[in-house]
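In case you want the letters, here they are:
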Amino acid sequence: MTLDVIVIMDPISAITVAKDSTFAMLLAAQRRGHRLHYVLPGGLSLDGGVAQARVAPLSVRDDPEDWFTLGAESRRAFGPGDVVLMRRDPPVDAEYIYDTQILGLAQAAGARVVNDPRGLRDRNEKLAALEFPQCCPPTLVSRSASELKAFVAAQGDAILKPLDGMGGRSIFRTGPKDPNINVILETLTDGNRRTAMAQRYLPEIVEGDKRILLVNGEPVPYCLARIPQGDDFRGNLAVGGRGEGRPLSDRDRWIAAQVGPEMKRRGMVFVGLDVIGDWLTEVNVTSPTCIRELDAQFGLDIAGDLFAAIEAGA
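Here the residue numbers are simple positions, counted from 1 along each chain's written sequence. Per-residue local features of the predicted model are confined to residues with pLDDT of at least 70, and side-chain atom pairs are confined, for both listing and counting, to 80 or more; whole-chain, interface and lining totals are unaffected and use all residues. Where side-chain values are given, they derive from all heavy atoms of the structure, hydrogens and water being excluded.

Caption draft 1: Summary view of empty space enclosed by the protein. We place a 1 Å grid over just the protein atoms. Points where a 1.4 Å probe fits but has no way out form a cavity, open points with protein on both sides within 12 Å along at least 5 of 7 lines form a pocket, and any residue with an atom within 4 Å of a point lines it. Grid points are joined across faces, edges and corners, and a volume is the space filled by probe spheres set on the points. Evaluated as defined, the whole model comprises one cavity of 30 Å³ or more. Empty space within the largest cavity amounts to approximately 60 Å³. Around the largest cavity sit Met 25, Leu 85, Met 86, Arg 87, Val 114, Asn 115, Phe 270, Val 285, Thr 286, Pro 288 and Leu 306, which together line it. We count a stretch as a helix when DSSP gives it H or I for four or more residues in a row; a strand needs E for two or more, and each element gets its number in order from the N terminus. If one sorts the elements of the lining of the largest cavity by residue count, strand 6 (residues 82-87) sits on top with three residues. Put simply, Ala, Val, Leu, Ile, Met, Phe, Trp, Tyr, Cys and Pro go in the nonpolar bin, Asp, Glu, Lys and Arg in the charged bin, and everything else, Gly too, in the polar bin. Here the residues of the lining of the largest cavity sort into eight nonpolar, two polar and one charged.

Caption draft 2: Focus on the pairing of strand 3 (residues 50-60). Whether two strands pair comes down to DSSP finding at least two bridges between them. Where strand 2 (residues 35-47) meets strand 3, eight bridges bridge the pair, whose relative direction is antiparallel. Within strand 3, the residue paired with Val 39 across the bridge is Val 55. In sequence, strand 2 turns back onto strand 3 through a hairpin of two residues, with Gly 48 there showing a positive phi of about 60°. Judged from the four bridges that link them, strand 3 and strand 5 (residues 74-77) form a sheet pairing that is antiparallel. Along strand 5, the bridge assignment pairs Gln 52 with Ala 77. Here three bridges tie strand 3 to strand 4 (residues 68-70), and the two strands are oriented antiparallel to one another. Pairing of Ser 59 across the sheet is with Thr 69, part of strand 4.

Printed below as a string of structure tokens:
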């Protein structure tokens, strides 16, 4: 069955094709004979309660110099036979929420939305990990700077981060003797007005922050360990971490078995788990990455597996 694959993403003209997981999905969909449509930035709308989008036909090529062609713009309503890839990067701000509400109506009209729009609204990527406390390190979520400071003192070495960041931005490592701890907390909580997260620092980060991908609840058998470089404690690729593929450990598989069935139940078809050592730190549902790196290192076709799952449920 040929599907209409409608992609909502950050501007396609600005991506790095060798690393972009959304692009891997588009290549896989095209290989499998599906029609591609690109939603122009800001292109979602409602007309009399009908979810629709400004789109252009899209073709893609695995060429870093010339990777896409767009056809003539048109407006189309969502309906049966449509698969919508919601792949906009965070932040999950008001406009993002509005888009998921429009996509909820697209879903009601018969479109398949990946990932489920209600799940995208409900699953803050840092808080979602705490739905599985048996998998997580000691963690405190609060907007109280004094509570967060007490947690840091109790742990001795801790990570502080906002709930809406991505790519390692605004993550701090601190301890009770850090002369900057008060200003860090003031900045993160905006004077006790914004919620922040504190987690025990995990020294295993030197061995990598592992990204485990789930396709329809099942783990890809390899993860990408993002290893900090130089004097930066963060492993995120966006801040210069080095990606190294590894087979999943028994503990990795156990964590995936804890999280995967619930993600599948909630319509989260493509999910990225962040695991440091033996501990789950985040559950990424908006735009998980690392497909292309794992495909290249292990000869996988993760996006092809994803579309096989989508086709089975379409």
